[in-house]
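# Structural description and commentary
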Amino acid sequence: MAEILRIGIAGVGTVGASVVRLLAQQDEALRARTGRKVVVSAISARDKAKDRGFDTSAIKFFDDPVALAASEDIDLFVELIGGDEGPARLAVETALKHGKSVVTANKALLAKHGLALAALAEEKRVALAYEASVAGGIPIVKTLREGLAGNSIERVYGILNGTCNYILSKMEMEEMPFDVCLKEAQRLGYAEADPTFDIGGFDTAHKLAILASLAFGTEIDAEAISVEGIEHVTLADLKAAEELGYRIKLLGVAQRTPHGVEQRVHPTMVRKTTSIAQVMGVTNAVTIDADAVHELTLVGPGAGGNATASAVVADIADIARGVRSRPLGLPRAALSKVKRVEMQRHEGGYYIRLAVFDKPGAFAGIATRMAERGISLESIVQRGRGADKTGAPVPVVLITYATTEKLVREALDAIMADGFVAERPQSIRIERE
Ligand code: HSE
């Protein structure tokens with residue numbers, strides 16, 4: 001191996017600039033750890049003239065990231081452009097085709113084209129490293145692929161989107177409405193360019209698709225994930241959860257079930273005593289249930305320049321050392337197909353909030369509809385009473401023991417048809433510990 005590793009970085013925003021800074025700060029240490037000198041030889045960005053906070057005089061500038069990816073001036077291509085098509089995809093493919101290793105933070109690209117890119121990297125015998133694409137600074141890719149190689153994994157789940165966790169935490173702690181909290185997250189720079197990616201659960205789904213493949217040896221398939229966002233979580237739900245000993249988190253969950261690997265993203269009730277419930281603000285966390293280690297939780301910064309750059313630099317260091325892990329753990333051809341496990345088959349407890357007309361027999365009617373389907377209730381609490389006692393709706397919160405989604409949906413439809421409730425019930429799945 002040449003003594004110098006020449007890298008080209010496409011996309012020099014917050015993360016790219018942090019990568020350049022970290023590489024400079026850790027120059028000596030990286031050389032000692034890898035035996036090579038890592039040099040940023042070239043960059044590509046939209047605006048050449050922009051002050052990036054570092055000296056660019058010795059760095060070659062490319063207007064076109066694809067030209068950079070193909071350039072003889074670099075050995076390793078770092079993609080920080082973002083987006084699942086366009087220049088990011090083309091540049092990554094070009095670099096791999098030219099026999100250059102790639103480091104990327106692009107979860108959307110991997111969720112959509114990860115299989116093809118992994119196959120290309122295998123064919124060209126180069127690395128495709130993407131630690132920064134999931135949970136920012138948490139080394140979860142390495143943990144699943146290398147650290148837990150001696151385990152059979154049952155479930156992997158986590159808080160994978162800092163924006164959503166920030167919003168839910170702020171709503172709960174400061175009793176602030178959703179919109180205000182979202183604006184604050186955007187102001188702080190956590191949210192994606194289009195925040196519906198965050199709040200709609202799609203960013204979490206991209207990350208979950210990657211984790212599920214690593215955990216279960218399956219093909220990356222974001223289409224097999226059931227996705228719900230946090231738009232419908234209300235302050236009333238967060239307050240009720242808190243009083244019942246729960247928190248509401250947007251989780252990405254992939255678990256083995258008798259029907260296959262269930263993959264889902266949705267607001268979830270987690271007991272306040274669990275590690276994951278303690279994770280507040282923009283922080284991410286991933287818990288893995290596996291046979292040998294039992295349970296492992298990694299907590300850390302999921303976004304931000306330095307945290308993401310930390311993961312990018314770790315991948316660069318691996319490649320400098322000559323480490324070339326198979327991108328998805330198994331050879332591409334050995335990954336098994338996933339089939340979507342429909343949410344109707346999901347088994348677990350449920351939190352249900354109903355706006356019940358305050359009249360005799362309503363509770364009994366609701367409990368009957370549940371009992372008819374064998375749904376057992378852990379608690380049923382009426383929260384206050386209509387002020388004028390004229391039968392105005394009052395909030396009633398039910399917690400069920402484990403049942404199936406199908407039965408819960410049927411029971412709620414029947415309760416609505418009976419006319420006991422004033423609006424569509426809210427239901428939130430409870431994640432088992
Ligand atoms: N928008 C993402 C988040 C950034 O909020 O976590 C990191 O992928």
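Criteria and thresholds
Residues numbered from 1 in each chain as written. Predicted model: local features only at pLDDT ≥ 70, side-chain atom pairs only at ≥ 80, totals over all residues. Heavy atoms only, no water. Salt bridge = Lys/Arg side-chain N within 4 Å of Asp/Glu carboxyl O. Helix = DSSP H or I, 4+ residues; strand = E, 2+ residues; numbered from the N terminus. Buried < 20%, exposed > 50% of the residue type's maximum accessible area, 1.4 Å probe, protein only. Contact = heavy atoms within 4.5 Å. Near = heavy atom within 4 Å. Polar contact = N/O pair within 3.5 Å; in protein donor to acceptor, adjacent residues only side chain to side chain. Areas by Shrake-Rupley, 256 points an atom, 1.4 Å probe, with all protein chains shown as cover. Nonpolar A, V, L, I, M, F, W, Y, C, P; charged D, E, K, R; others polar. Axes fitted to C-alpha atoms, helices over the stretch in contact; angles between N-to-C directions. Parallel < 35°, antiparallel > 145°, perpendicular 65-115°, else oblique. Left-handed = near helix turned anticlockwise from the far one by under 90°. Phe/Tyr/Trp six-rings, centres within 6.5 Å; stacked < 30°, edge-to-face > 60°. Domains from an automatic or database assignment. Buried area = accessible area lost by both parts, 1.4 Å probe. Core = buried A, V, L, I, M, F, W, Y, C linked by side-chain atoms within 4.5 Å. Arc of directions from axis to C-beta. Pairing = 2+ DSSP bridges.

### Quick look at the pattern of salt bridges
- By the definition in use, this model includes 37 salt bridges.
- Salt-bridge contacts for lysine 60 lead to aspartate 73; the nearest nitrogen and oxygen are separated by 2.8 Å. A residue pair is termed long-range when its members are at least 10 positions apart, and lysine 60 in strand 3 (residues 60–62) and aspartate 73 in the loop between helix 3 (65–70) and strand 4 (76–79) qualify at 13 residues.
- Residue classification places lysine 60 among the partly exposed residues on the basis of a relative accessible area of 43%.
- Close ionic contact of glutamate 184 with arginine 187 constitutes a salt bridge, the shortest N to O distance being 2.8 Å. One end of the pair is glutamate 184 and the other is arginine 187, both in helix 8 (residues 178–187) and 3 residues apart, which spans about a single turn.
- Looking at arginine 187, the relative accessible area reads 59%, which means it is exposed.

### Description of the environment of phenylalanine 197
- Among the secondary structure elements, phenylalanine 197 is positioned in helix 9 (residues 196–199).
- Residue classification places phenylalanine 197 among the partly exposed positions, given a relative accessible area of 34%.
- Residues contacting phenylalanine 197, with those up to four places away along its chain left out, are Glu192, Phe202, Asp203 and His206.

### So, the site of the ligand
- Neighbouring the ligand are Lys107, Asn161, Gly162, Thr163, Tyr190, Glu192, Asp198, Asp203, Lys207, Gly302 and Ala303.
- One of the side-chain N or O atoms of glutamate 192 is found 2.6 Å from a nitrogen atom in the ligand.
- For the ligand, an oxygen atom lies 2.8 Å from a polar atom in the side chain of lysine 207.
- Considered on its own, the ligand offers 250 Å² of accessible surface; in the complex 90% of this is hidden by protein.
- Considering only residue class, the shell around the ligand consists of 2 nonpolar, 4 polar and 5 charged.

### What about the packing of helix 2 (residues 27–34) against helix 12 (residues 305–321)?
- The N-to-C vectors of helix 2 and helix 12 enclose an angle of 40°; their axes lie 9 Å apart at closest approach. The angle between the axes of helix 2 and helix 12 places the two elements in the oblique class. For the pair helix 2 and helix 12, the crossing hand works out as right-handed. In this structure, helix 2 contributes Leu30, Arg33 and Thr34 to the contact, and helix 12 contributes Val313, Ala317, Ala320 and Arg321.
- Split by residue class, the contact of helix 2 with helix 12 holds 4 nonpolar, 1 polar and 2 charged.

### Side note on the packing of aromatic side chains
- What the rule picks out here adds up to 2 aromatic pairs.
- Both rings, one in tyrosine 166 and one in tyrosine 190, keep their centres 5.5 Å apart while their planes meet at 65°; by these two values the pair is edge-to-face. Here tyrosine 166 is found in helix 7 (residues 162–174), whereas its partner tyrosine 190 is found in the loop between helix 8 and helix 9, with 24 residues between them in sequence.
- The interplanar angle of 65° and the centroid separation of 6.4 Å between the aromatic rings of phenylalanine 197 and phenylalanine 202 together place this pair among those described as edge-to-face.

### Some remarks on the domain arrangement of the chain
- Taken domain by domain, the chain comprises domain 1 (5–133), domain 2 (140–301) and domain 3 (346–430).
- Computed from C-alpha atoms alone, the centre-to-centre distance between domain 2 and domain 3 is 26 Å.
- On the domain 3 side, the residues contacting the 18 residues of domain 2 number 12 residues.
- Around 1,300 Å² of area is buried between domain 2 and domain 3 when both sides are counted, 53% of it from carbon and sulfur atoms.
- Together, Asp237, Leu244 and Met269 form the three largest contributors to the area buried by domain 2 at its contact with domain 3, with a combined 37%.

### Considering the nonpolar core
- Phe77, Ile140, Leu144, Ile230 and Ile288 are the most contacted members of the largest nonpolar core, which has 76 residues in total.
- The element that contributes the greatest number of residues to this core is helix 10 (residues 202–216), accounting for 9 residues.
- Look past the residues within four positions of phenylalanine 77 in its chain and what remains in contact with it is Gly8, Ala10, Pro65, Leu68, Ala69, Ala91, Val92, Ala95, Ser101, Val102 and Val103.
- Membership of the second largest hydrophobic core comes to 33 residues, among which are Val19, Leu30, Val40 and Ile59.

### Some points on helix 13 (residues 362–372)
- Taken residue by residue, helix 13 has Ala362, Gly365, Ile366 and Met370 as its buried positions. One face of helix 13 carries all of its buried residues, which in axial projection span an arc of 135°.
- Check the buried side of helix 13 and you find it contacts strand 13 (347–357), strand 14 (377–382), strand 15 (393–400) and helix 14 (405–418).
- Two residues or fewer after helix 13 comes glycine 374, characterised by a positive phi angle close to 70°.

### A look at the pairing of strand 7 (residues 153–159)
- For strand 7, the tally of buried residues reaches 6 of 7 residues, placing the bulk of the element in the interior.
- With 6 bridges connecting them, strand 7 and strand 11 (residues 283–290) associate as antiparallel partners. Residue pairing across strands places glycine 158 opposite valine 286, the latter belonging to strand 11.
- Bridge count for strand 7 against strand 9 (residues 246–257) is 4 bridges, and the pairing is antiparallel. Its bridge partner being in strand 9, glycine 158 is matched across the sheet by glycine 252.

### Comments concerning unusual backbone geometry
- Positive phi, normally seen in glycine, also occurs at arginine 125, with a value near 55°.
- Relative to the helices and strands, arginine 125 resides in the loop between helix 5 (107–124) and strand 6 (128–129).
- Residue classification places arginine 125 among the exposed residues on the basis of a relative accessible area of 61%.
- Even without being glycine, glutamate 175 reaches a positive phi, approximately 50°.
- Mapped onto the fold, glutamate 175 is located in the loop between helix 7 and helix 8.
- Here glutamate 175 falls in the exposed class, since its relative accessible area comes to 56%.

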